[in-house]
There are 2 protein chains.
Amino acid sequence: MKGKIYVVGFGSGDRRVMTEQAVSAIENADVVIGYITYIDILKPLFPNQNYIPSSMRRETERCKIAAEEALKGQRVALVSSGDSGIYGMSGIMLEVADRMNADIEIEAVPGVTAASAAAALLGAPLMNDFAVISLSDLMTPIDLIYKRIELAALADFVICLYNPKSKLRTEHIGKAAELIMKSRPKSTPVGIVRNAGRCDCAVWTTTLEKLGDEPIDMLCTVIIGNSESYIKNGKMITPRGYLIK
Amino acid sequence: MKGKIYVVGFGSGDRRVMTEQAVSAIENADVVIGYITYIDILKPLFPNQNYIPSSMRRETERCKIAAEEALKGQRVALVSSGDSGIYGMSGIMLEVADRMNADIEIEAVPGVTAASAAAALLGAPLMNDFAVISLSDLMTPIDLIYKRIELAALADFVICLYNPKSKLRTEHIGKAAELIMKSRPKSTPVGIVRNAGRCDCAVWTTTLEKLGDEPIDMLCTVIIGNSESYIKNGKMITPRGYLIK
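Let me sum up the structure you'll find in this document. (Residues numbered from 1 in each chain as written. Chains lettered and ligands numbered in written order. Predicted model: local features only at pLDDT ≥ 70, side-chain atom pairs only at ≥ 80, totals over all residues. Heavy atoms only, no water.)

All names here are of chain A. Taken N-terminus to C-terminus, the directions of helix H3 (residues 59–71) and helix H4 (residues 90–99) make an angle of 60 degrees; their axes are 9 Å apart at the nearest point. As H3 packs across H4, the resulting crossing turns out to be right-handed. Where H3 abuts H4, its residues Glu59, Thr60, Cys63, Lys64, Ala66 and Ala67 lie against Ile92, Met93 and Val96. (Axes fitted to C-alpha atoms, helices over the stretch in contact; angles between N-to-C directions. Helix = DSSP H or I, 4+ residues; strand = E, 2+ residues; numbered from the N terminus. Left-handed = near helix turned anticlockwise from the far one by under 90°. Contact = heavy atoms within 4.5 Å.)

The following block contains the structure:
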């Protein structure tokens, strides 16, 4: 029997926000492989599965294990939060399988990405064109990240920041706010969601000027409005341009 | 009894790609309201619901009907494909309820957006920063759209185009490709998905140079690679930057 790898995006970790396809890929997997924090989220939801947790930054190793299991004929679910196709495990899995010359079927199972989950809780900030930028410089040079932020601000994109801060990387978010303020007012609304879609989630709004001082951590998603975004009745809205009659 | 409106993103139209939350919001709705094409997709999946279809470009009217039903105490599912929070009905619904001074609970139920669905079928093109741009100039001036495309290309974003072409609007996609070629090679890989996630879906790749001549229509999503994207074994990949050892 030939194995197969499903690279599954499981969304926020609330089962209700998973797609039926993701639930089925996990339930029918012989082995579920992922970063230990994600495995800890899934275990209570799918208690009868066989899990192989792995530690942070061991992405390549994790994919090799997935490939080896699949070559043994196992059905593998390689899991990431959000959408496996947005800063997720889909790319590295395809690259590792290719380097191994492993003839394995690999199927990406998309999920609800953090931008979508956060936007739903904030109101409707993504009704017009937007850019998604990760502030993590582990894999992209920080100068390129800053250049993208400046150009995205100039283009009047709504800007959605993933990985806005970590314990060691605390300065980027304030610097990003400064760069955006070169072409957007200080009063521009900003929405912040921590743990989007989970029961301990927090949702709040602020302004570009105050963004650098907000209690943001790596579990947050930050959405910075464009020049037309506003906050009303507690909801952050970017008009799409429909004529309200 | 007080009504409530769920603004539901139902993904591609394949039930397996819907979240459990979206399925439940539709199944438990007293009335399901949406653009007629979307209602036609949902009817076979949820045959026992009470539907109110409406025609294209009647978004404001549709939201007013939703609000009136909710004020009567009905549970309403206002549906859009993909994610209701990305170019969907979430924003206009909040705006209409506000203009009506209607005190209604409105909850956005996010879904898998077309960018995620298309990326999963193409391989892993969204592993690095990206911009999402709609080529429809019904609600955004075309000059602003072109400006965004040029700046997104300069910033080396992967560029995901929604609404790339319609019957009357056929020139934008070729012009977009030209603008991107100012700062990116003609050979840049491009992925195109028509009807992502549905049984009649089509998936193919091309290059930036040939993009203007591809048989693209309004049901397509187009993903243009960044300077590092490549196609191998039929899969389009944007490296995240993980070191492959």
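Once you've had a look at it, read on.
The residue A:Asp156 is not glycine, and still its phi comes out positive at about 60 degrees. Its identity is not glycine, yet B:Tyr87 carries a phi of approximately 50 degrees, on the positive side.

All names here are of chain B. The element helix H5 (residues 114–122) is extensively covered by neighbouring structure, given that 7 of its 9 residues are classed as buried. Residues of H5 that are buried include every one of Ala115, Ser116, Ala117, Ala118, Ala119, Ala120 and Leu122, and no others. In the stretch just after H5, glycine 123 is the one whose phi turns positive, near 140 degrees. (Buried < 20%, exposed > 50% of the residue type's maximum accessible area, 1.4 Å probe, protein only.)

All right, on to the interface of chain A and chain B then. Accessible area lost upon the coming together of the parts is a frequently used measure of interface size. Counting from both sides, the interface comprises 70 residues of chain A and, opposite them, 70 residues of chain B. Contact between chain A and chain B buries roughly 6,400 Å² in total, counting both sides, with carbon and sulfur atoms accounting for 57%. Counting across the interface, chain A meets chain B through 8 salt bridges. Across the contact surface, chain A and chain B share 34 residue pairs in polar contact (both at pLDDT 80 or more). For the side of chain A that touches chain B, the element with the highest residue contribution is H4(A), accounting for 8 residues. As defined by bridge partners, strand E7 (residues 130–134) of chain A adjoins strand E7 (residues 130–134) of chain B across 3 bridges and the pair is classed as antiparallel. If you follow A:Phe130 over to E7(B), its bridge partner there is B:Val132. (Buried area = accessible area lost by both parts, 1.4 Å probe. Salt bridge = Lys/Arg side-chain N within 4 Å of Asp/Glu carboxyl O. Polar contact = N/O pair within 3.5 Å; in protein donor to acceptor, adjacent residues only side chain to side chain. Pairing = 2+ DSSP bridges.)

Residue and element names in this part refer to chain B. On the basis of which strands lie adjacent, the open sheet formed by 5 strands has the order E3-E2-E4-E1-E5 and parallel pairing. Single-partner strands in this sheet number two, and they are strand E3 (51–54) and strand E5 (105–109). In this sheet, adjacent strand axes meet at a mean angle of 20 degrees when their direction is disregarded. Summarising the sheet, strand E2 (residues 31–35) and E3 pair through 4 bridges and their orientation is parallel.

This part takes up the pairing of strand E4 (residues 75–80) of chain B. All names here are of chain B. Burial runs high along E4: 5 of the 6 residues are buried. As paired elements, E2 and E4 share 3 bridges and run parallel to each other. By the bridge assignment, isoleucine 33 is partnered in E4 with leucine 78.

Here chain A sits on chain B after a turn of 180 degrees about the axis and a move of 0.0 Å along it, with an RMSD of 0.0 Å. Within this description, the copies of the chain are treated as partners about a two-fold rotation axis. When the interface residues of chain A are mapped onto chain B, 100% of them are again interface residues, pointing to one common binding face. (Least-squares fit on C-alpha atoms with pLDDT ≥ 70 in both.)

Bringing the sheet that holds strand E3 (residues 51–54) of chain A into the picture now. Residues and elements named next belong to chain A. An order of E3-E2-E4-E1-E5 is seen for the 5 strands of this open sheet, with the pairing classed as parallel. The strands lining the two open edges of the sheet, one partner per strand, are E3 and strand E5 (105–109). Sheet twist, expressed as the average angle between the axes of neighbouring strands with direction ignored, equals 20 degrees. In the packing of helix H1 (residues 20–27) onto the sheet, contacts are made with strand E1 (4–9), strand E2 (31–35), strand E4 (75–80) and E5, and the angle to E1 comes to roughly 135 degrees. Its contacts with the sheet put H4 on E1, E4 and E5, and the angle it makes with E5 is roughly 175 degrees.

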